[in-house]
Amino acid sequence: MLSVRRWSVRHSRLLENTYRAFERVLFACRPLIMALGPKRVERPVAAAERVIKSLLFDCRMCGRCVLTATGMSCPMNCPKLMRNGPCGGVRQDGGCEVKPEMQCVWVEGWRGGLDMRAGGLSSALNPPVDSSLSGSSAWLRVVLEPPKAASAPSPALVPPSGGQLEQLLRDGIFAVTAEFSPPDSANPDDVYRNLGLYESCVDAINVTDGSGANCHMSSLGVAALLLRAGCEPVMQVSCRDRNRIAIQGDLLGAAALGVRNVLCLSGDAVAIGDHPGARQVGDLDSATLLDTARIMRDESRFLSGRKLTSPPRLFLGAADNPFAPPFDMRPIRLAKKIAAGAQFIQTQYCFDLEMLERYMERVREEGLQDKCFILAGVGPVASAKTARWLRTRVPGVHIPDEMVRRLEQADNPREEGIRICIEMIQAIRRIPGIAGVHIMAAKQEAAIARIVQESGVLAGRAPLFLGSVESRERRTANAVPV
Ligand code: SF4
């Protein structure tokens, strides 16, 4: 099947022309379809569609076909069901994060898109899969239900969430965020204990949501604890484990608790985590999650249309990976996320400055840096062995050979890793269009304060999370005994 799928992508223009001609025939047959009754026609048309599209595209009959917007590469073949572009885990050779033997459907789709009439893929949003349409004919739907145009307001019109991180960025101050790994514990003290490592050096703290598809305390729970401690959290929300009903409920709950910053992610695939037998949900992807949160906030309604009595005040963010293929598609994917509602972006680890500069050049050409705040991801690597492990075992992480060599030749590799991170921050700060850095220092959290201080990234200002004596006292007072 893989070879037929590849053939279809290679002949995307031919298939697009054939489909457009067929679409005209379908529209011409509309009066006949209506006379016979769409329900009677559905069965034979869906059967024919299944045979033809299964053969050509490995079609899963999702009922809402987007092949003409995906370079004739069916996104339902993506293990994470990404319908709006590649995840950040695409391997350097274009292989899929989850199934390395398969080319990423979006790497294929990007190639197919270049040959199509539009000469590339657009940044228009593909809506989430409607499970109630599964198995039905998408051909008939095109004739009977013309698609509705999605509307997204200009980010400039969005009222401020009231969050401190957003205000800082709007004020044009170079921001520093850092990542926090929730504990495998139900004891809040296990959160508070580690918080000291972030005091007086960061503006906000990202709380990961089952990172690496491993189970930990929830990001919502940890974000609420951070608020009690006087810290501004960035709650990460992944589409991996929850459907749109659960996610929308969590967004309301988080906003009610005072969480303002939400980072919308597709999430690492279940297959790579500690519960590989769990179901990969993927009801939404990162772009449709952003759109959902934006609709809740700006239109005061659920995705279903049901009204909210009080909309959530949110500052919406997304991730991007400038270092993973298809490289030319990354700025388009960024534009799509911005159109869907992203107001800030945090990137994957940056170890390759030249690549980041090339990406930012494209971003500036499109003026995207004026539509969202871009925070570049950085982090210390403890040794050459860790660097090799990261680039082979963590899909989407790109570390150039030169950096591995530098770590290898160092007398004290851990120290060298910190030095590299400091140099990286100093260089990133000079790139026009970058609004801050996001430090990911898993298992090296103790180095965050030093990295921030020696890089001079705060330029003498006080960070938002001061971790004052009062906040420490408040934290202890609020700690719930287990
Ligand atoms: S690399 Fe990511 S987006 Fe591409 S097919 Fe695999 S899971 Fe899907």
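Refer to the structure above for everything that follows.
Residues numbered from 1 in each chain as written. Predicted model: local features only at pLDDT ≥ 70, side-chain atom pairs only at ≥ 80, totals over all residues. Heavy atoms only, no water.

Focus: the state of the cysteines
For step 1, the next point in the chain: By the definition in use, this model includes zero disulfides.
For step 2, the next point in the chain: In this structure Cys 59 is not part of a disulfide, and its nearest cysteine sulfur, from Cys 74, lies 5.7 Å away.
For step 3, the next point in the chain: We note that Cys 62 lacks a disulfide partner, and the nearest cysteine sulfur, in Cys 65, lies 6.4 Å from it.
For step 4, the next point in the chain: Given a relative accessible area of 12%, Cys 62 falls into the buried group. (Disulfide = S-S within 2.5 Å. Buried < 20%, exposed > 50% of the residue type's maximum accessible area, 1.4 Å probe, protein only.)

Let's talk about helix 11 (residues 286–299)
For step 1, the next point in the chain: For helix 11, built from 14 residues, the straight-helix expectation of 20 Å at 1.5 Å per residue is met to within 8% by its first-to-last C-alpha distance of 19 Å.
For step 2, the next point in the chain: When helix 11 is considered as a whole, its buried residues turn out to be Ser 286, Ala 287, Thr 288, Leu 289, Leu 290, Asp 291, Thr 292, Ala 293, Arg 294, Ile 295, Met 296 and Arg 297.
For step 3, the next point in the chain: Close packing links the buried residues of helix 11 with strand 3 (233–238), helix 10 (244–257), strand 4 (261–265), strand 5 (315–320) and helix 12 (330–340).
For step 4, the next point in the chain: Positioned one or two residues after helix 11, Ser 300 has a phi angle of 50°, which is positive. (Helix = DSSP H or I, 4+ residues; strand = E, 2+ residues; numbered from the N terminus. Expected span 1.5 Å × (residues − 1). Contact = heavy atoms within 4.5 Å.)

With respect to the pattern of salt bridges
For step 1, the next point in the chain: Using the criterion set out here, one finds 27 salt bridges in the structure.
For step 2, the next point in the chain: Between Arg 388 and Glu 408 there is a salt bridge, and its shortest N-O distance comes to 2.1 Å. Of this pair, Arg 388 sits in helix 14 (residues 384–393) while Glu 408 sits in helix 15 (residues 401–409), placing them 20 residues apart in sequence.
For step 3, the next point in the chain: For Glu 408, a relative accessible area of 44% translates into the label partly exposed.
For step 4, the next point in the chain: Salt bridges sharing common partners tie together Asp 291, Arg 294, Glu 299 and Arg 301. (Salt bridge = Lys/Arg side-chain N within 4 Å of Asp/Glu carboxyl O.)

Topic: the packing of aromatic side chains
For step 1, the next point in the chain: Evaluation of the coordinates by the stated rule reveals five aromatic pairs.
For step 2, the next point in the chain: Ring geometry for Tyr 349 against Phe 351: centres 5.4 Å apart, planes inclined by 20°, an arrangement best described as stacked. Grouping residues by exposure puts Tyr 349 and Phe 351 together as buried.
For step 3, the next point in the chain: An aromatic cluster is present here, built from Phe 315, Phe 344 and Phe 373 joined pairwise through their rings.
For step 4, the next point in the chain: The ring centre of Phe 174 lies 4.6 Å from the NZ or CZ of Arg 429, which sits over that ring. (Phe/Tyr/Trp six-rings, centres within 6.5 Å; stacked < 30°, edge-to-face > 60°. Lys NZ or Arg CZ within 6 Å of the ring centre and 35° of its normal.)

Remarks on the sheet that holds strand 6 (residues 344–349)
For step 1, the next point in the chain: Around the barrel, which closes on itself, the eight strands sit in the order 1-2-3-4-5-6-7-8 with parallel pairing between neighbours. Going across the sheet, the axis of each strand differs from the next one's by a mean of 30°, ignoring polarity.
For step 2, the next point in the chain: Relative to strand 3, strand 2 (residues 204–207) runs parallel, the two being bridged by three bridges. Note that in strand 3 the partner of Asn 206 across the bridge is Val 234.
For step 3, the next point in the chain: Across the face of the sheet, helix 11 comes into contact with strand 3, strand 4 and strand 5 while running at roughly 175° to strand 5. (Pairing = 2+ DSSP bridges. Axes fitted to C-alpha atoms, helices over the stretch in contact; angles between N-to-C directions.)

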